[in-house]
Amino acid sequence: AAYLQKSGLSVVVLERRHVIGGAAVTEEIIPGFKFSRASYLLSLLRPQIYKDLELKRHGLKIYFRDPYSFTPLLESVDGRPPRSLLLWADMVKNQQQIAQFSKKDSEAYPKYLDFMDRLVSAIDPLLDAPPVDMAAITQGSLLERVKSLRSLQPLIKAGITLGSQFPKYYEVLTGPVSKILDRWFESEPLKGTLAVDAVIGAMVGPSTPGSGYVLLHHVMGDIEGRKGSWGYVEGGMGMVSNAIAKAATEAGAEIYTEKVVEKILVDNNGKAYGVVLQDGTEVHSRLVLSNASPHHTFLKLTPQEQLSEEFITMISQFDAKSPVTKINVAVDRLPNFLSMPNTADGRPLPHHQCSIFLNTERMNLLDEAHEEACQGKPSTRPMMELCIPSSLDPTLAPPGCHVISIFSQYTPYTLTGGRQWDEEEKNRYADNAQKLKTAEAIKYHHKKALF
């Protein structure tokens, strides 16, 4: 909306909920505690958007995280406290941490990052390039073919960047991440930690072909010129949406909340010319853009007679399922880990500020959790990423208290036997997650947990 309005069009945004932002919202669902309800970290927003929409001027403030991941282990050695793996931006610290488990891996780790950085440098420009129109290349007029061939230039540059290593990089994009990580490393805590970025948010396990591509997206982020960085947004992720909205309204766009679209208006020529709201109001326009899912947009909002059977079948078969159950928790003290105990004053330590990975010390744990969900069972030992944004952002919780985001998987949409999720099933899953956190020696007193 901001870009279109700045280009000279007249734009209206119709938001179904009372708050804008979709998955990137901040809501005070427990009095005094502000939660990023779904999206919880910032990294993959394209750098050009920051500049074009002047998001910092519109109030966007980032808290950078260093370290960026903490993996506490269940096992102990010779009666000593359990170990953990803490990864930083500093390579020397990382190698010291990894050497606890494998000196060979500590030496391989910087080479692995260089390998992935080269792939990122090749793929990153393609994200902003228009897709290649193969039909125009093979069937279009001479002029269309010439224009389309020009669109191949970013792809050709990517191939040149990868050079003779292209077959290995192709495997990263198409193969299972377990095969890639096994080739580089031998220690399970490191492989398990890195594998999280290849499966998180996706209904795949480390042994699933294509999981390497998910990993790529988690290493190609960029925040204010810091490659691979992930950060907390002051005030929660809703402040990203608010900053973009301010840029849009400043340019003249109109934004309305609590406006539920019931139907997209389509004329006899198949051209959309507006929408009908839940209250019967018609809003006419030259163009309709939908940010709802493809399923909802084409199977619920669009008149079915305007779509071909082939197209409807294609949309119906499009798999957008995610295995994630997000749990937001308000606590009156920080989690306490046996491997890195809290200090007496209760102040956040470095490992509280990053992503905390549980049940990830071995890759096979992720595969086992994934297999259970494929059978319609919530994982008995789910992978969990805990983030405590209030460890850096004091605006989210009362003094001494914190908000914890638990991004957990794997949970199937439909349970075994066709059962649907109800409050009993949700509570059973949350209780299991709580039990597992206790097993990980995370001792905290929670005020309330909400899905």
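Position numbers for residues count from 1 along each chain, tracking the sequence in the order it is written. Predicted model: local features are reported for residues with pLDDT of at least 70 only, side-chain atom pairs are reported and counted for 80 or more only, and whole-chain, interface and lining totals are derived from all residues. Note: side-chain values were computed over all heavy atoms of the structure, leaving out hydrogens and water.

A closer look at the domain arrangement of the protein chain
Move 1: Considered domain by domain, the protein chain is made up of domain 1 (87-226) and domain 2 (324-450).
Move 2: Throughout, the edges of the domains are those of an automatic or database domain assignment. Computed from C-alpha atoms alone, the centre-to-centre distance between domain 1 and domain 2 is 28 Å.
Move 3: Throughout, a residue-residue contact means that at least one pair of heavy atoms, one from each residue, lies within 4.5 Å. On the side of domain 2, 17 residues touch domain 1, which itself brings 21 residues to the contact.
Move 4: Note: buried area is the sum, over both parts, of the accessible area (probe 1.4 Å) each one loses when the two are combined. Both sides together, the interface formed by domain 1 and domain 2 hides about 1500 Å², and carbon and sulfur atoms give 71% of it.
Move 5: The three residues of domain 1 that bury the most area against domain 2 are Val-196, Ile-200 and Met-203, which together make up 33% of that side's buried surface.
Move 6: By the criterion applied in these results, polar contacts are pairs of N or O atoms within 3.5 Å in which, for protein atoms, one can donate a hydrogen and the other can accept it, and in which residues neighboring in sequence qualify only through two side-chain atoms. Counting across the interface, domain 1 meets domain 2 through 6 residue pairs in polar contact (both at pLDDT 80 or more).
Move 7: Counting from the N terminus, the helices are the DSSP runs of H or I reaching at least four residues and the strands are the DSSP runs of E reaching at least two. Going through the elements one at a time, helix H9 (177-184) and helix H10 (188-199) are the ones with two or more residues in the side of domain 1 that touches domain 2.
Move 8: For the side of domain 1 that touches domain 2, the element with the highest residue contribution is H10, accounting for 8 residues.
Move 9: Nonpolar residues are Ala, Val, Leu, Ile, Met, Phe, Trp, Tyr, Cys and Pro. Charged residues are Asp, Glu, Lys and Arg, and all others, Gly as well, are polar. Within the side of domain 1 that touches domain 2, the residues separate by chemical class into 11 nonpolar, 7 polar and 3 charged.

Some thoughts on the UniProt feature "domain: Amine oxidase" (unreviewed entry) in the protein chain
Move 1: As recorded in UniProt, the feature "domain: Amine oxidase" (unreviewed entry) lies at residues 224-335.
Move 2: Strand forms 28% of residues 224-335 and helix 28%; the C-alpha atoms that close the span are 30 Å apart. UniProt positions are given in the numbering used here, feature names are shortened, and annotations may be inferred rather than shown by experiment.

What to know about the nonpolar core
Move 1: Side-chain atoms within 4.5 Å are what join buried Ala, Val, Leu, Ile, Met, Phe, Trp, Tyr and Cys residues into a set we call a nonpolar core. Exposure is judged per residue with a 1.4 Å probe applied to protein chains only, and the accessible area is read against the type maximum: over 50% gives exposed, under 20% gives buried, and values in between give partly exposed. Membership of the largest hydrophobic core comes to 50 residues, with the highest contact counts inside it found for Tyr-109, Tyr-112, Leu-181 and Phe-185.
Move 2: Here this core takes 9 residues from helix H4 (residues 103-123), the largest share from any one element.
Move 3: Mapping this core onto the domain boundaries places at least three of its residues in each of domain 1 (87-226) and domain 2 (324-450).
Move 4: Leave out the neighbours within four places in its chain, and Phe-185 touches Asp-105, Ala-108, Tyr-109, Tyr-112, Leu-190, Lys-191 and Leu-194.
Move 5: The next biggest cluster of nonpolar side chains, apart from the first, holds 19 residues, and it includes Leu-45, Leu-60, Ile-62 and Val-233.

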